[in-house]
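# Analysis of the macromolecular model
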Amino acid sequence: MQIQLNGESRVLEGVDTIAGLIAHLGLDGRKVAVERNLEIVPKSTYAEAPVMDGDRIEIVTFIGGG
Amino acid sequence: MSTNDTWTVAGRTFSSRLIVGTGKYKDYQTNADAARAAGAEIVTVAVRRVNLTDPSQPLLMDFVKPDEFTYLPNTAGCFTGEEAVRTLRLAREAGGWSLVKLEVLSDPKTLYPDMEETLRALKLLVAEGFDVMVYCTDDLVYCRKLEEAGAAAIMPLGAPIGSGLGIQNKVNLRLIVEQTTVPVLVDAGVGTASDATVGMELGCDGILMNTAIAEAKDPILMASAMKHAVIAGREAYLAGRMPRRLYADPSSPLAGLI
């Protein structure tokens, strides 16, 4: 399947949940926030929240700022 | 000064009146050391896409730790209310914080706040339960409107972001302090320690700065200087300054002269 991840198109195989996507990307789920098709995905639902073909997903974290 | 000189924003009480940014440092370690030297309890942070090409890059949260500092997520880079709301929803999910800093900018050259859009964004955020500290111009009328719309703190600029020019309009800042019941903090424009002292002497509740510390030759030493400057200004404000006089007034008594 193909998704838009942080503005870039990406082909994914074997990933069907947000938790799976975070693990696949090598990220720490405690330090990020996820938006799927402009809706916040609560951390408590990562294990069940689906990733589907055509999704637009944003994964953000905190960086330095003023 | 008594140790209980605290200030409270949205129900949270702090001792340090210096909030520091976390941008522009050469690395996160220097950033963390500077924040500690400043005695800061609150740090501003930005929300951005994770680095997907190299997930092993150091993260701010591993150095400037959320259990040591209160994170104040900002909306830097947002030019509309909707962008600001979207950004802060993500920030709230990332860290669970409802205390946020709203900044809706306009012209990229001056980074001046767009006050009409800032006020609109504030209303959207307040409706979603955020506690919003608002970066704004030193316009008395807009500052009053922000407070009426539920701002948790009013944060007028002293001068443009990153300019280091010091407080340009002391009269407006003092008038804002006098008319406002929520905390007032100078946000942006401080260049050196005396600028921070001036802001505090005017009766502000605190100062927010980033570049003045991050771009100093020795950021850790400047952070310490800013800590003392804010305390000095606060104590001078509480102590009440002497009246200004046009002519001299001798300090040694004239009576008993030989």
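Okay, so let's go over this structure. (Residues numbered from 1 in each chain as written. Chains lettered and ligands numbered in written order. Predicted model: local features only at pLDDT ≥ 70, side-chain atom pairs only at ≥ 80, totals over all residues. Heavy atoms only, no water.)

## Structural notes on the side chain of Thr44(B)
Looking at the secondary structure, you find Thr44(B) in strand S4 (residues 42–49). Within the structure, Thr44(B) has its side chain in polar contact with the backbone oxygen of Gly66(A) (distance 3.4 Å). The contacts of Thr44(B), once residues within four sequence positions are left out, are Gly65(A), Gly66(A), Ile19(B), Val20(B), Gly21(B), Thr22(B), Leu72(B), Lys101(B) and Leu208(B). (Helix = DSSP H or I, 4+ residues; strand = E, 2+ residues; numbered from the N terminus. Polar contact = N/O pair within 3.5 Å; in protein donor to acceptor, adjacent residues only side chain to side chain. Contact = heavy atoms within 4.5 Å.)

## Side note on unusual backbone geometry
We note that Asn6(A) has phi near 45 degrees; this positive angle belongs to a residue other than glycine. Looking at the secondary structure, you find Asn6(A) in the loop between strand S1 (2–5) and strand S2 (8–11). On the accessibility criterion, Asn6(A) (7% relative accessible area) is buried. Non-glycine residue Leu111(B) carries a positive phi angle of around 50 degrees. Assignment of secondary structure puts Leu111(B) in the loop between strand S6 (99–102) and helix H4 (115–127). For Leu111(B), a relative accessible area of 26% translates into the label partly exposed. (Buried < 20%, exposed > 50% of the residue type's maximum accessible area, 1.4 Å probe, protein only.)

## Let's talk about the interface of chain B and chain A
Interfaces are often sized by the amount of accessible area the parts lose when they come together. On the chain A side, the residues contacting the 31 residues of chain B number 27 residues. Of the roughly 2500 Å² buried at the junction of chain B and chain A (both faces included), carbon and sulfur atoms supply 64%. Contact with chain A buries surface across chain B, with Arg49(B), Leu52(B) and Glu93(B) losing the most and accounting together for 26% of the total. Here chain B and chain A share 3 salt bridges between them. Among the elements that make up the side of chain B that touches chain A, the one with the highest residue count is helix H3 (residues 81–95) of chain B (7 residues). Looking at the side of chain B that touches chain A, its residues break down into 16 nonpolar, 7 polar and 8 charged. Pairing geometry for strand S5 (residues 56–64) of chain A and S4(B), over 5 bridges, is antiparallel. Residue pairing in the sheet places Ile63(A) in a bridge with Ala46(B) of S4(B). (Buried area = accessible area lost by both parts, 1.4 Å probe. Salt bridge = Lys/Arg side-chain N within 4 Å of Asp/Glu carboxyl O. Nonpolar A, V, L, I, M, F, W, Y, C, P; charged D, E, K, R; others polar. Pairing = 2+ DSSP bridges.)

## Description of the packing of aromatic side chains
All names here are of chain B. Per the counting criterion, the structure on display carries 3 aromatic pairs over all chains. Both rings, one in Trp7 and one in Phe14, keep their centres 5.7 Å apart while their planes meet at 40 degrees; by these two values the pair is tilted. For the pair Tyr28 and Phe63, a centre-to-centre distance of 6.1 Å together with 40 degrees between the ring planes defines the contact as tilted. In this pair, Tyr28 sits in helix H1 (residues 28–37) while Phe63 sits in helix H2 (residues 60–63), placing the two residues 35 residues apart along the sequence. For Phe63, a relative accessible area of 27% puts it in the partly exposed group. Looking at Arg92, its charged tip hangs above the ring of Phe130, at a distance of 3.9 Å from the centre. (Phe/Tyr/Trp six-rings, centres within 6.5 Å; stacked < 30°, edge-to-face > 60°. Lys NZ or Arg CZ within 6 Å of the ring centre and 35° of its normal.)

Taken by themselves, the reported measurements are silent on function.
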